[in-house]
Amino acid sequence: MAAAPKPASRFFSSFGLQVLAGMAVGLLLGLLARSIGPAGGAPNGLAQALDLVGTIFVDLLKALVPPLIFAAIVSSIVNLRDINNAARLVGQTLLWFAITALIAVSIGIALGLLIQPGVGSGAVPAEAATPKTVGSWLDFLKGLVPANALGLAATGKAADGGGITVTLGFNVLQIIVISIAVGAAALRAGEAAEPFIGFVRGLLAIMRRLLWWVIRLTPIGSAGLIGTAIVKYGWDALAGLSAFAVAIYVGLAIILLIVYPALLLLNGISPRRFFKGAWPAIQLGFVSRSSVGTLPVTERSAEVLGVPRSYAAFAVPLASTTKMDGCAALYPAISAIFVAQFYGLPLGLTDYGLIVLTSVLGSAATAGLTGATVMLTLTLSTLGLPLEGAGLLLAIDPILDMGRTAINVAGQILVPMIVARREGILEEPVPEGLLPAEA
């Protein structure tokens, strides 16, 4: 009698097909909506529907980010008490974050100089606007200090009627700082903090379940997001930025298929074992474009690959907000070179050194869902390049962000595996069942 299909493999197989189908549907609907054109000076009904679906999906993910980050980081810090040699593990983790970021940014600089994506990109509109979200070292340093206990931030803009519209949002960087402080205090408080620790762990379990429900909507959300990108930008923008897109994806492929396997082999880990266990998280990161949104799958993948749960519960949540080889290292390096070439501005050795320094030290500036633009503007402002250059690249950012996030997620599993191996705590991989059946 044949064995019943495994719940996890059945889930991921069908989920992957659903996502691919959603992307294909979104592409077709986007082309259809673009061919219909505006209706009375406004987007047509199909275009509005695609935009609504994509926006709702992203907003649902954003709504879960603050409590998820808080609960995950507080829990991860509390879990350090169950780890022998915790201080050494933390140091090794941060060191390997920096090592892999250094390799990624070096590849980005090399590809930028070799492919020269900004040369001959005259098809890109030069009058791009400055991005709404801009990063600078001063803002980054000020952002480390929480303005309030919830990490709330208010932004205002002039309304059409002459008034001011105020929007509340969350400063993810401040939430990270608050979470680290609360976690450290809970550790020092000892037994008195046990009820609070139990509450946080319960909150984390609830937020993960809610996140799973949102993740199951990814095929629909992907259709809306890709369809909207086609409606807004079409193929003209893609043609003008083709060399840039090629440079990004070549760099991502080098990191994923050459650098990561080489690091694994150097540390006595089978690349085949890594990809077999990490692939579900990499795939979900690609379609969801959210390292934080992929966090439960990423952490479970690390555990399945043999990373002890007590260490994975610390390293993976930290990595999901600060370990960004795609968004914070490779992408800003190639992008900065593109902007300099586009505007005809020369870069010297000092400038390349600043790109490396910014990428290795500024990864926390990308904390959140899709923060690569913040990291890029941080790099541009550090080099004194036009911030409008970031606006040139927004046309294809959703397409690039899929690949960047996949690499981010792969690195967030890779580093805990390497550190666990070097510290002698890497266990045998779980032979089957990546996810709980009810997920």
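Residues numbered from 1 in each chain as written. Predicted model: local features only at pLDDT ≥ 70, side-chain atom pairs only at ≥ 80, totals over all residues. Heavy atoms only, no water.

*Asks:* I'm lost on the overall build of the chain in this one. Help?
*Replies:* Broken down by element type, the chain carries 17 helices and two strands. For the chain, the residues scored as buried account for 52% of the 439 residues in total. Contacts spanning at least 24 positions in sequence make up 84% of the contacts within the chain whose residues lie at least 6 apart. Carbon and sulfur atoms make up 66% of the accessible area of the chain, which totals about 19,100 Å². (Helix = DSSP H or I, 4+ residues; strand = E, 2+ residues; numbered from the N terminus. Buried < 20%, exposed > 50% of the residue type's maximum accessible area, 1.4 Å probe, protein only. Contact = heavy atoms within 4.5 Å. Areas by Shrake-Rupley, 256 points an atom, 1.4 Å probe, with all protein chains shown as cover.)

*Asks:* I keep staring at the confidence of the model for the chain and nothing clicks. Help me out?
*Replies:* Caution applies to low-pLDDT regions: their predicted coordinates should not be interpreted in detail. For the chain, per-residue confidence averages 78 on the pLDDT scale, and residues scoring 70 or more make up 76% of the total. The low-confidence segment residues 1-9 (pLDDT under 50) makes six contacts with residues lying over four places distant or belonging to another chain. (pLDDT = per-residue confidence, 0-100.)

*Asks:* Sorry if this is basic, but what is going on with helix H6 (residues 194-215) here?
*Replies:* It helps to recall that an α-helix has 3.6 residues per turn; residues three or four apart then point in one direction. In this model, H6 (22 residues) spans 31 Å end to end at C-alpha, consistent with the 32 Å of a helix rising 1.5 Å per residue. Listing the buried residues of H6 in full gives Ile197, Val200, Leu204, Met207, Leu211, Trp212, Val214 and Ile215. Taken down its axis, H6 places every buried residue within 155° of arc, on the same side. H6 presents Pro195, Phe199, Ile206 and Trp213 as exposed residues on the side facing more than 90 degrees away from its buried surface. (Expected span 1.5 Å × (residues − 1). Arc of directions from axis to C-beta.)

*Asks:* Would you explain the packing of aromatic side chains in this entry?
*Replies:* Where two aromatic rings form a pair, the distance of their centres and the angle of their planes describe that pair. A full pass over the atoms with the stated rule returns five aromatic pairs. Ring centres of Phe244 and Tyr331 lie 6.2 Å apart, and the angle between their planes is 70°; this geometry places the pair in the edge-to-face category. Residue Phe244 is found in helix H9 (residues 242-266), and its partner Tyr331 is found in helix H13 (residues 325-342); the two are separated by 87 residues along the sequence. A centroid spacing of 5.2 Å and a plane angle of 55° characterise the contact between Phe244 and Phe338, whose relative ring orientation is tilted. (Phe/Tyr/Trp six-rings, centres within 6.5 Å; stacked < 30°, edge-to-face > 60°.)

*Asks:* What is the right way to read the environment of Leu89 from this model?
*Replies:* Of note, Leu89 is situated in helix H3 (residues 86-115). Each C-alpha atom of the pair Leu89 and Ala315 lies 9.0 Å from the other, and the pair is 226 residues apart in sequence.

*Asks:* Could you clarify how one ought to interpret unusual backbone geometry in this entry?
*Replies:* Note on backbone geometry: most residues besides glycine have negative phi, and most peptide bonds are trans. The phi dihedral of Gln116 is positive, around 50°, even though this residue is not glycine. On the secondary structure map, Gln116 appears in the loop between H3 and helix H4 (137-143). Looking at Gln116, the relative accessible area reads 40%, which means it is partly exposed.

*Asks:* Is there a simple way to think about the nonpolar core in this case?
*Replies:* Within soluble globular proteins, side chains that are nonpolar generally end up buried alongside one another. Grouped together as the largest cluster of nonpolar side chains are 106 residues, with contacts concentrated most on Phe244 and Phe274. Beyond its immediate stretch of four places on either side in the chain, Phe274 contacts Leu264, Leu305, Ala410, Ile413, Leu414 and Met417. With five residues, the next largest nonpolar core counts Cys327, Ala328, Met375 and Leu378 among its residues. (Core = buried A, V, L, I, M, F, W, Y, C linked by side-chain atoms within 4.5 Å.)

*Asks:* Quick question: what am I supposed to make of the packing of H3 against H13 here?
*Replies:* Any two packed helices are characterised by the angle at which their axes cross and by the distance between the axes. One way to put it is that H3 packs onto H13 with a least axis distance of 8 Å and a crossing angle of 25°. Judged on the interaxial angle alone, H13 and H3 are roughly parallel. Here the hand of the crossing between H3 and H13 comes out right-handed. Here H3 contributes Thr100, Ala101, Ala104, Val105, Ile107, Gly108, Ile109, Leu111, Gly112 and Leu113 to the contact with H13, which in turn contributes Asp325, Ala329, Leu330, Ala333, Ile334, Ile337 and Gln341. Split into classes, the residues belonging to the contact of H3 with H13 amount to twelve nonpolar, four polar and one charged. (Axes fitted to C-alpha atoms, helices over the stretch in contact; angles between N-to-C directions. Parallel < 35°, antiparallel > 145°, perpendicular 65-115°, else oblique. Left-handed = near helix turned anticlockwise from the far one by under 90°. Nonpolar A, V, L, I, M, F, W, Y, C, P; charged D, E, K, R; others polar.)

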